[in-house]
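Structural description and commentary
Next come the chains, spelled out residue by residue.
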Amino acid sequence: MKLLEFGRDFKPDQEIILRDYLAIERTRLANERTLLSYIRSSLYLMLGGIAFLQLKDFPDFQYLAIIALVFSAIFLVIGIYRFAVLKRSLKKLYYNFEQKEQAK
């Protein structure tokens with residue numbers, strides 16, 4: 001699945017200097033770190049929702065459990081969407097820099 005591929009898959013339209021290349025790499029790594037943060041938050045909400053579902057003595061917590069599970073799914077979708085949007089914009093700006101460097 002191309003959406004979740006990690007790696008250096010962009011190349012420049014023109015020659016870029018090392019500072020620009022490193023800035024691109026920092027942005028790419030920050031994007032991946034943000035995706036992992038969304039996934040972690042989603043998993044914590046799912047864990048909390050499942051824990052609230054297990055409390056049989058407190059039926060009022062069932063609503064809280066359902067809300068936590070819904071927000072867990074929403075966080076996951078938002079995180080993947082934001083990751084894909086930034087990755088797509090990076091690809092538009094810089095296409096496969098390393099292949100051009102290898103051709104030299």
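Presented here is a report on the structure given in the accompanying data block. (Residues numbered from 1 in each chain as written. Predicted model: local features only at pLDDT ≥ 70, side-chain atom pairs only at ≥ 80, totals over all residues. Heavy atoms only, no water.)

Another point: the environment of Ile 66. Examined against the element boundaries, Ile 66 turns out to sit in helix H2 (residues 61-93). According to the relative accessible area criterion, Ile 66 is partly exposed, its value standing at 48%. (Helix = DSSP H or I, 4+ residues; strand = E, 2+ residues; numbered from the N terminus. Buried < 20%, exposed > 50% of the residue type's maximum accessible area, 1.4 Å probe, protein only.)

Taken together, the side chains of Ile 66, Ile 67, Val 70, Phe 71, Ile 74, Phe 75 and Ile 78 define a hydrophobic patch exposed on the protein surface, amounting to about 580 Å² of accessible area. For Val 70, the location among the structural elements is in helix H2. Relative accessible area serves as the criterion here: at 44%, Val 70 is assigned to the partly exposed category. (Patch = residues over 30% accessible without salt bridge, like charges linked within 9 Å, V, L, I, M, F, W, Y side chains within 5 Å. Areas by Shrake-Rupley, 256 points an atom, 1.4 Å probe, with all protein chains shown as cover. Salt bridge = Lys/Arg side-chain N within 4 Å of Asp/Glu carboxyl O.)

Let us now look at the packing of helix H1 (residues 18-53) against H2. Look at H1 against H2: their axes get within 8 Å of each other, and the N-to-C directions meet at 170°. Considering their axes alone, H1 and H2 lie roughly antiparallel with respect to each other. Of the two possible hands of crossing, H1 and H2 adopt the one that is left-handed. Looking at the contact of H1 with H2 residue by residue, the class counts come to 21 nonpolar, 8 polar and 4 charged. (Axes fitted to C-alpha atoms, helices over the stretch in contact; angles between N-to-C directions. Parallel < 35°, antiparallel > 145°, perpendicular 65-115°, else oblique. Left-handed = near helix turned anticlockwise from the far one by under 90°. Nonpolar A, V, L, I, M, F, W, Y, C, P; charged D, E, K, R; others polar.)

The next subject is the packing of aromatic side chains. Counted by the stated rule, this structure contains 2 aromatic pairs. An angle of 50° between the planes, with centres 5.2 Å apart, marks the rings of Phe 52 and Phe 61 as tilted. Ring centres 5.5 Å apart and planes at 35° place the aromatic pair Phe 58 and Phe 61 in the tilted group. With a relative accessible area of 46%, Phe 58 lands in the partly exposed category. Owing to a relative accessible area of 31%, Phe 61 belongs among the partly exposed residues under this scheme. An aromatic cluster is present here, built from Phe 52, Phe 58 and Phe 61 joined pairwise through their rings. (Phe/Tyr/Trp six-rings, centres within 6.5 Å; stacked < 30°, edge-to-face > 60°.)

Attention shifts here to the environment of Ser 42. On the secondary structure map, Ser 42 appears in helix H1. The spatial distance from the C-alpha of Ser 42 to the C-alpha of Ala 68 is 9.1 Å, given a sequence separation of 26 residues.

So, about H2. If you check H2, its first and last C-alpha atoms are 48 Å apart, about what 33 residues at 1.5 Å a residue would give, namely 48 Å. Buried residues along H2 sit in contact with H1. (Expected span 1.5 Å × (residues − 1). Contact = heavy atoms within 4.5 Å.)

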